[in-house]
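Results of the structural survey
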Amino acid sequence: MSAAAWTCLLLPLASTVLITLGGTRISRRVAGYISTLTTMGAFAAAVYAFVRLLDNSPEHRGAVTTSWTWLSAGQYHFGLTLLTDQLSIVMMLIVAGVGSLIVAYSVGYMDGEDEERRYFAYISLFVFSMLLLVQGGNLLLLLAGWGMVGLSSYLLIGYHQDRPSAIAAAKKAFVMNAFGDATMALALFLLIQHTGKLGYAEVFATSPHGGTVANLIALGLLGGALAKSAQLPLHTWLPDAMEGPTPVSALIHAATMVTAGVYLIVRCHPLFENAYVIQDLAAGLGAATLLMAGLIALVQTDIKRVIAYSTMSQIGYMFVGAGLGAYPNAMFHLMTHAFFKALLFMAAGLAIHAVVGEQDIRKLAGIGKLMPFTKVVFLIGSLALVGILPFAGFFSKDSILASALARGWFGDTLFVVGIIGTFLTGVYAFRLFFIVFTGEPSAFAREHFHSHHGKEGPLSMRWTVGVLAVLSVIGGFLQFAPLWHPLTTWLEPVARPIAEPTNTQEYLASAIAILAGAAGIFVAWTIYAAKRVKAPRAVKLFEQKFYWDELYDVVWYRSADLLTRGLYAFVERPLIAGSISAVTGAVGLGSRELSVAQNGLVRTYALALASGLAVLTVVFLAAR
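Right, let's walk through the structure included here.

A separate point is the overall build of the protein. When you go through the protein residue by residue, the secondary structure sums to 25 helices and two strands. C-alpha extents for the protein along the principal axes are approximately 115 × 65 × 55 Å. Residues classed as buried in the protein amount to 55% of the 624 residues present. The long-range fraction of contacts in the protein, counting pairs at least 24 apart against all pairs at least 6 apart in sequence, stands at 80%. Averaging the locations of the 39 positively and 33 negatively charged side chains of the protein gives two centres separated by 6 Å.

What follows is the structure, encoded as structure tokens:
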């Protein structure tokens, strides 16, 4: 099992090294095949490790393997250690499984790009970084993977280096995630100070319970989770990240980066339970994010940005679940979300690919008539996103809502917010579907649409989308909490839930959520399909994304600009530059005065020498 874990981790890294060293000696298509096959190999290794874990009893399903001590400082020694337990196996299967489908999809989507080799080297590095994050056997390795995920996203979001907007988006993502990395690092410093360890078991057993230190540790970890998962208030980078290629968007949203924050809270749940205020804060911020993102998605006109805001909203549900202590439910929604979110992005990619890269839903209007397969799979993804029975989102999201009902008045408040979010999801998801995939094709769509040899895209794009469509239909049947719950049973030894709803609460939450989602779909149908009601004017607040970018511009950029201008005017110019000017002026004046003596007349020089000699003689005689 340990060999399988190392194989799963290192195969994507080997792909990055091979493609980088191969350079132009390998074709762009071969680079894609190397990346795809190694990621699939990583998934096969994860499946093998999962099967081996099944052979063990639940209390003996965790395996820790250390290759060597890679960092030693005084009394502190940190090994290159992998942890293979129930939680890491779930993440390995999701990251490598969904990731391999996205990489395979990229072979067709990126065909013809000038920098395909660089792209596949980056995307393999991305998968490796995420696997290191979830397989790392201590918090230091988790932080290393955390930072590498941020670096990989920076490289992929800024893949189109000729686009200033892509470079700006990459910088924005990197800086905002670096802030989260810093808060995590500070939390680890506190843990080292108070426990002397960073291994999960040791830290959980000896970390402070309650008090300021426990709150600061949990708050530092939460800062990292909020940044990586694009939750309030560190969320503004995610919509801009749509500047990257569509498969990158799918990978970031479905299988890697934004799920990391949820994994962190579930993995470190003892630290959050030691600081229950911070855990409640995580749930509250998740609820606020899912509501705000749903409202913003209502007015977006870029197909990828609508899906991006839906990701922020769905991750918000996961934060609610993890913050309330419903850890298996949060992980279950993470899994099903990976299926239908990758499906939505990749189906959107089929449409974008067919109309020379256009992403404006007004120009894509009616393209479903030209792309029936894409229309069907996008519909499946949309139904799963809203949580309509029997699609995957129904089983996972409704369990989180039911868990909220089991947590008193605070949980009831989050439940109401979650139901409102479900209604909004129905509206914005099917606003997108009805505009883009129903009705007659727009003039732009008819003019620019091109098929791929009579098909809706290359085979590598179509079969991967088909697999995800199937998973979005059947994936939710893995668990239906009132009747069967194998995932909860599987995760219970490492993430025992503290919020366990009754069967009545499960059924009630599902019924209300389905009605809210269906009501949202009906509203979208009335306005955008049947056109019985005129679409309302876009709310300025939603169009401006609640002015978060403007707020950060004032708080950080403009304030920093004002501070630097003030320092220049009152410190640098008068003190530093002024003193330098005074010194140079004095030197210049002295040199000008001395230059008077340099007149070129020999008799003047002779007189000066004689005068000097006379002065020295007088001084010498006086001294004697």
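It is worth spelling out the packing of aromatic side chains at this point. On inspection of all chains with the given rule, the structure shows 21 aromatic pairs. Between Trp-548 and Tyr-552, the aromatic rings sit 5.8 Å apart at their centres with planes inclined by 50°, giving tilted as the arrangement. Placement of both Trp-548 and Tyr-552 in helix α24 (residues 548-595) is noted, with a separation of four residues, approximately one turn of the helix. With relative accessibility at 17%, the residue Tyr-552 sits in the buried group. Ring pairing ties together the aromatic residues Phe-394, Phe-395, Phe-477, Phe-480, Trp-484 and Tyr-507, which thus form one cluster. Above the plane of the ring of Tyr-200 lies Arg-267, whose end atom (NZ or CZ) is 5.3 Å from the centre. We note Lys-397 situated over the ring of Tyr-317; from NZ or CZ to the ring centre the distance is 5.4 Å.

Our next topic: empty space enclosed by the protein. Taken as a whole, this structure holds three cavities of 30 Å³ or more when the rule is applied. Quantified by volume, the largest cavity comes out at close to 60 Å³. Surrounding the largest cavity, His-235, Thr-236, Pro-239, Asp-240, Ile-296, Arg-305, Tyr-309, Lys-545, Trp-548 and Asp-549 form its lining. Secondary structure elements with two or more residues in the lining of the largest cavity: α9 (237-240), α14 (303-324) and α24. For the lining of the largest cavity, a count of residues per class yields four nonpolar, two polar and four charged. Empty space within the second largest cavity amounts to approximately 50 Å³. If you trace the second largest cavity, you find it lined by Val-306, Ile-307, Ser-310, Leu-344, Phe-378, Ser-382, Leu-385, Tyr-428, Ala-429 and Leu-432.

This part covers the environment of Thr-36. Relative to the elements of secondary structure, Thr-36 occurs in helix α2 (residues 28-54). When neighbours within four sequence positions are excluded, Thr-36 is seen to be in contact with Ser-100, Val-103, Ala-104 and Val-107.

What follows concerns the pairing of strand β2 (residues 76-84). With respect to burial, β2 is a largely interior element, seven of its nine residues being buried. Relative to β2, strand β1 (residues 63-73) runs antiparallel, the two being bridged by eight bridges. Paired with Ala-73 across the strands is Tyr-76, a residue of β2. Joining the antiparallel neighbours β1 and β2 is a turn of two residues, in which Gly-74 adopts a positive phi near 60°.

Here we come to the packing of α14 against helix α17 (residues 392-405). It is at 9 Å that the axes of α14 and α17 come closest, and there the two elements cross at 40°. If you check the angle between α14 and α17, you find them oblique. Considering the relative orientation of α14 and α17, their crossing is left-handed. Each of Gln-314, Tyr-317, Met-318, Val-320, Gly-321 and Leu-324 in α14 lies in contact with α17, whose residues at this interface are Lys-397, Ile-400, Leu-401, Ser-403 and Ala-404. Taken together, the residues of the contact of α14 with α17 break down into seven nonpolar, three polar and one charged.

Taking 1.5 Å of rise per residue, 18 residues should cover 26 Å, and helix α8 (residues 211-228) covers 26 Å from first to last C-alpha, within 8% of that figure. What α8 keeps buried is the set Ala-214, Ile-217, Ala-218, Gly-220, Leu-221, Leu-222, Gly-223, Gly-224, Ala-225, Leu-226, Ala-227 and Lys-228. Trailing α8 by a residue or two, Ala-230 shows a phi angle of about 55°, which is positive.

So, about a nonpolar patch on the surface. On the surface, a nonpolar cluster with roughly 720 Å² of combined accessible area is contributed by Leu-563, Leu-567, Phe-570, Val-571, Leu-575, Ile-576 and Ile-580. Since its relative accessible area comes to 53%, Leu-575 is described here as exposed.

Right, let's talk about helix α22 (residues 503-529) for a bit. For α22, built from 27 residues, the straight-helix expectation of 39 Å at 1.5 Å per residue is met to within 8% by its first-to-last C-alpha distance of 37 Å. Three or more residues of α22 are buried, namely Glu-506, Ala-509, Ser-510, Ala-513, Ala-516, Gly-517, Gly-520, Ile-521, Ala-524, Thr-526, Ile-527 and Tyr-528. Buried residues belonging to α22 abut α16 (372-386), α17 and α18 (408-437). Positive backbone phi, at 55°, marks Lys-531, one or two positions downstream of α22.

With that settled, consider the pattern of salt bridges. Between side chains of opposite charge, pairing is possible as soon as their charged atoms come close. A complete count under the given rule lists 15 salt bridges for this structure. We note a salt bridge from Arg-558 to Asp-553, for which the minimum N-O separation is 2.7 Å. The network of salt bridges with shared partners includes Lys-172, Asp-240, Arg-305, Lys-545 and Asp-549.

Now for the nonpolar core. Membership of the largest hydrophobic core comes to 184 residues, with the highest contact counts inside it found for Leu-221, Trp-237, Ile-252, Phe-319, Phe-378 and Phe-430. Here this core gets 20 residues from one element, more than from any other, and that element is helix α15 (residues 327-354). In terms of nonpolar packing, the next biggest core, distinct from the first, is built from 18 residues, Ala-283, Val-320, Ala-404 and Ala-513 among them.

This part is about the environment of Gly-366. Structurally, the position occupied by Gly-366 is in the loop between α15 and α16. Given a relative accessible area of 0%, Gly-366 falls into the buried group. When residues no more than four places from it in sequence are discounted, the contact partners of Gly-366 are Ile-435, Val-436, Thr-438, Gly-439, Glu-440 and Pro-441.

Moving on, we get to the side chain of Ser-124. With respect to the secondary-structure elements, Ser-124 resides in helix α4 (residues 116-135). Once residues lying within four places of it in the same chain are set aside, the contact partners of Ser-124 are Pro-12, Ser-15, Thr-16 and Ser-35.

Turning our attention to the side chain of Ser-310. Tracing the backbone through its elements, the reader meets Ser-310 in helix α14. Ser-310 gets classed as buried once you look at its relative accessible area, which sits at 1%. Of the polar contacts made by the side chain of Ser-310, one reaches the backbone oxygen of Ile-307; its length is 2.5 Å. Not counting the four nearest positions on each side in its chain, Ser-310 is found in contact with Lys-341, Leu-385 and Tyr-428.

Procedures and definitions
- Residues numbered from 1 in each chain as written.
- Predicted model: local features only at pLDDT ≥ 70, side-chain atom pairs only at ≥ 80, totals over all residues.
- Heavy atoms only, no water.
- Helix = DSSP H or I, 4+ residues; strand = E, 2+ residues; numbered from the N terminus.
- Buried < 20%, exposed > 50% of the residue type's maximum accessible area, 1.4 Å probe, protein only.
- Contact = heavy atoms within 4.5 Å.
- Lys, Arg positive; Asp, Glu negative; His and termini not counted.
- Charge placed at Lys NZ, Arg CZ, Asp CG, Glu CD.
- Phe/Tyr/Trp six-rings, centres within 6.5 Å; stacked < 30°, edge-to-face > 60°.
- Lys NZ or Arg CZ within 6 Å of the ring centre and 35° of its normal.
- 1 Å grid on protein atoms, 1.4 Å probe; cavity = no way out; pocket = protein on both sides within 12 Å on 5 of 7 lines; lining within 4 Å.
- Points joined across faces, edges and corners; volume = space filled by probe spheres on them.
- Nonpolar A, V, L, I, M, F, W, Y, C, P; charged D, E, K, R; others polar.
- Pairing = 2+ DSSP bridges.
- Axes fitted to C-alpha atoms, helices over the stretch in contact; angles between N-to-C directions.
- Parallel < 35°, antiparallel > 145°, perpendicular 65-115°, else oblique.
- Left-handed = near helix turned anticlockwise from the far one by under 90°.
- Expected span 1.5 Å × (residues − 1).
- Patch = residues over 30% accessible without salt bridge, like charges linked within 9 Å, V, L, I, M, F, W, Y side chains within 5 Å.
- Areas by Shrake-Rupley, 256 points an atom, 1.4 Å probe, with all protein chains shown as cover.
- Salt bridge = Lys/Arg side-chain N within 4 Å of Asp/Glu carboxyl O.
- Core = buried A, V, L, I, M, F, W, Y, C linked by side-chain atoms within 4.5 Å.
- Polar contact = N/O pair within 3.5 Å; in protein donor to acceptor, adjacent residues only side chain to side chain.

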